[in-house]
Amino acid sequence: MRGQFTGWPEQAMDVLWQLQGEPAHATRERCRADRERLVRQPMIALLNEIADTDPRYEDFSVWHYRTGSWWWQHQGAVIRLGRKVEIGLRFSLDGLRIQGAWWYPDPGQVDMFRRAVAAEGSGRELSAIVEDLRHKGYDISGDMMKRPPRGCPADHSRAELLRHRSLIAARSLGCEQWLHTPEAVDRVLSAATDLDALLMWLARHVQRAV
C-alpha cells in the first residue's frame, strides 16, 4: 500500500549537520531522538513501501547507529536478494546512494563466480550487464586480484571480471528536493530495476557452496 513514506523531512539534514566531524557524546545523545525520528524511521518507511511494491524486497534491515561517528552521519539499509547478494541504500548529507552488491563471499562462492564468468554464455551475459550499468552511470568496483586467477590467460576477453572476488555497482541518486517527497520511492525502484539483471545473474550463479 503506497503512502506510508512521505520523504525525509528537511530537518533530517539539520540533524546530520550537527553530527558532522567527531561529535561529542553529549551531542550524540542530544540528537539521538531526532535522528531516530527524522533520519532512521523514514528509511524504514521507504523500505516497507518498496517491499509492498515488490515482494522480492521484503527481506530488509535498517541499521542502527553504532559507536563510530560515521554510522551516526550515514543511515544505511540493505535488501537481501540471495546469499551475499544485496541492494544497499545509504542516506547522508550527500543525499541517497544505492548499490547492488555481491560481497563478503562464503567459501566456494568466488570459484562459482569465476566458473560462471569463464563460461561463454553466462560470462558474455554478465559482461553485457556490467557495461550497460556503466553506461547508466554506475561505478563498478569490488575486491579484485592484481591479475587473473591461475590458469586463466592474461588476454582472456573477461579477464577483468575474472579478477573480482566481489562485485558492486553503485551510484548516487542525488540530493535534490525529491528526497523530501514520496518521489524517493520511485527513484529507488527505478534504480533497483537498473540493478535487477546484475543481481538476478548473481543470485543464479553465485549460490552458497555446499
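Structure: see above.
Residues numbered from 1 in each chain as written. Predicted model: local features only at pLDDT ≥ 70, side-chain atom pairs only at ≥ 80, totals over all residues. Heavy atoms only, no water.

So what's going on with the sheet that holds strand β1 (residues 60–62)? Residues and values would help.
Strand order in the open sheet made by the 6 strands is β1-β2-β3-β4-β6-β5, with antiparallel pairing throughout. Looking at the sheet topology across the chains shown, the edges are occupied by β1 and β5 (139–141). Adjacent strand axes in the sheet meet at a mean angle of 15 degrees when their direction is disregarded. Against the sheet, helix α2 (residues 25–53) touches β1, β2 (75–82), β3 (85–92) and β4 (95–102), its axis set at about 170 degrees to β1. Contacting β2, β3, β4 and β6 (167–174), helix α7 (residues 183–205) crosses the sheet at an angle of about 10 degrees to β4. (Pairing = 2+ DSSP bridges. Helix = DSSP H or I, 4+ residues; strand = E, 2+ residues; numbered from the N terminus. Axes fitted to C-alpha atoms, helices over the stretch in contact; angles between N-to-C directions. Contact = heavy atoms within 4.5 Å.)

Let's hear about the environment of Ala-118: which residues, and what values?
Inspection of the secondary structure puts Ala-118 in helix α4 (residues 109–118). Note on Ala-118: relative accessible area 38%, which makes it partly exposed. Counting along the chain gives 40 residues from Ala-118 to Arg-158, while the straight-line C-alpha distance between them is 7.4 Å. Excluding residues that lie within four positions of it along the chain, Ala-118 makes contacts with His-156, Arg-158 and Leu-162. (Buried < 20%, exposed > 50% of the residue type's maximum accessible area, 1.4 Å probe, protein only.)

For the nonpolar core, give the residues involved together with the corresponding values.
Counting 61 residues, the largest nonpolar core has Met-43, Leu-46 and Phe-91 as its most contacted members. Residue contacts for Leu-46: discarding those within four places in its chain leaves Phe-5, Trp-8, Leu-89, Ala-184, Val-185 and Val-188. (Core = buried A, V, L, I, M, F, W, Y, C linked by side-chain atoms within 4.5 Å.)

Explain the pattern of salt bridges to me, using residue names and the numbers behind them.
Proximity of charged atoms lets side chains of opposite charge pair with each other. Under the counting rule described, the total for this entry stands at 18 salt bridges. As a salt-bridge pair, Lys-136 and Asp-132 come within 3.2 Å of each other at their nearest N and O atoms. Residue classification places Lys-136 among the partly exposed residues on the basis of a relative accessible area of 41%. Residues joined in a network through salt bridges with shared partners are Asp-132, Lys-136, Arg-171 and Asp-194. (Salt bridge = Lys/Arg side-chain N within 4 Å of Asp/Glu carboxyl O.)

Could you give me a rundown of the layout of surface pockets, with the residues and numbers involved?
Roughly 380 Å³ of volume is contained in the largest pocket. Forming the walls of the largest pocket are 15 residues, and the residues nearest its centre are Trp-63, Trp-71, Ala-77, Gln-99 and Trp-103. Within the residue set of the lining of the largest pocket, elements represented by two or more residues are α3 (69–73), β2, β3 and β4. (1 Å grid on protein atoms, 1.4 Å probe; cavity = no way out; pocket = protein on both sides within 12 Å on 5 of 7 lines; lining within 4 Å. Points joined across faces, edges and corners; volume = space filled by probe spheres on them.)

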